[in-house]
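# Residue-level structural notes
The primary structure of each chain is shown beneath.
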Amino acid sequence: MGGGDGNLRRVVHRRVHLERHQPAQRKKLGYLEKHKDYVLRARDYHRKEDGIKKLQRKAFFKNEDEFSMSMINHTTVDGRNRKKGKGLSQDEVALVDTQDARYVGMREQMDKKEAARALESLHFLDAPKSNKHVLFLDEDDLQKGSCASSSSAPSGKKRSLAKSLQNYDVAAHFDTHPELLGRTSNRLRKKQLETQAFADVAELSQGSRGNYRKLLHQQERAKRLELVRGELELRHNLRQKGRRRKVADGVDGRPAVYQWLPERKR
């Protein structure tokens, strides 16, 4: 062949030898690796191998006295080099806690003032009470309020008084309707019931229950905010300097009690 015969290799058609696929009886073994798959796997293996050798060489020739400014901003976490996050300083954290405590205290005072204003109009008059309304009556009142006959004998007189007490008309004594005797507040007289116009009792009771519910919610929230404010103030005080000792543990959500020891001033 002459010198130009080598160029004919690019022109003459050459048969492409294809790799066979996985036989049917061996399909349970999975995909049959081709040459291109082997090349990728081999390159990945050698890349990792070269990386390990490079790290071993750096560790062998490491200078123990070497220092870099980036070492200050980096740390080792679980064997990996991590950059330190820019966190808040102690003074900045104390300032944040102080502002939080001020905000919580402001909300606490707002709830307490609203609860105090609500207490001026809501006196829990319709709430059940353990005490009773006692009427002091004499014989003349019993004779007016009942139709029992009097007797001259002592025993008969006692029986007549007891019977008069049982038959005494309490509604007539208060000049009101018998249905209103159970009310401890706003018990109207018969004349007022005849002349005045009244709103729906169901709507009034529902509105008063809503006001009482709101009042109790404000009082409970003020108590919780007081506990939160105490905890924030304690954290702020613990960041301050000075010797201290723990006097009591926290109970029922309240923060622990610390006592700061006096220091001698120069």
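The structure displayed is predicted, hence computed values, not measured ones.

In this section: the environment of H21. Considering the arrangement of structural elements, one finds H21 in the segment before α1 (35-60). We classify H21 as exposed; its relative accessible area is 60%. Separated by 11 residues in sequence, H21 and L32 place their C-alpha atoms 6.5 Å apart. Other than its neighbours up to four places away in sequence, H21 contacts L32 and K34.

Together, F67, M69, M71 and I72 make up a nonpolar patch on the protein surface, roughly 450 Å² of accessible area in all. Mapping M69 onto the fold places it in the loop between α1 and β1 (74-77).

Inspection of the entire model under this criterion finds two aromatic pairs. Both rings, one in F60 and one in F61, keep their centres 4.9 Å apart while their planes meet at 85°; by these two values the pair is edge-to-face. On the basis of relative accessible area, F60 is assigned to the exposed category, the value being 66%. Residues Y258 and W260 carry aromatic rings whose centres are separated by 6.4 Å and whose planes lie at 55° to one another, so their mutual orientation is tilted. Residue classification places Y258 among the partly exposed residues on the basis of a relative accessible area of 27%. A residue is classified by how much of its surface remains accessible, and W260, at 32% relative accessible area, is partly exposed.

Rules used in this analysis
Residues numbered from 1 in each chain as written. Predicted model: local features only at pLDDT ≥ 70, side-chain atom pairs only at ≥ 80, totals over all residues. Heavy atoms only, no water. Helix = DSSP H or I, 4+ residues; strand = E, 2+ residues; numbered from the N terminus. Buried < 20%, exposed > 50% of the residue type's maximum accessible area, 1.4 Å probe, protein only. Contact = heavy atoms within 4.5 Å. Patch = residues over 30% accessible without salt bridge, like charges linked within 9 Å, V, L, I, M, F, W, Y side chains within 5 Å. Areas by Shrake-Rupley, 256 points an atom, 1.4 Å probe, with all protein chains shown as cover. Salt bridge = Lys/Arg side-chain N within 4 Å of Asp/Glu carboxyl O. Phe/Tyr/Trp six-rings, centres within 6.5 Å; stacked < 30°, edge-to-face > 60°.

Don't take any of this as a statement about function, it's just geometry.
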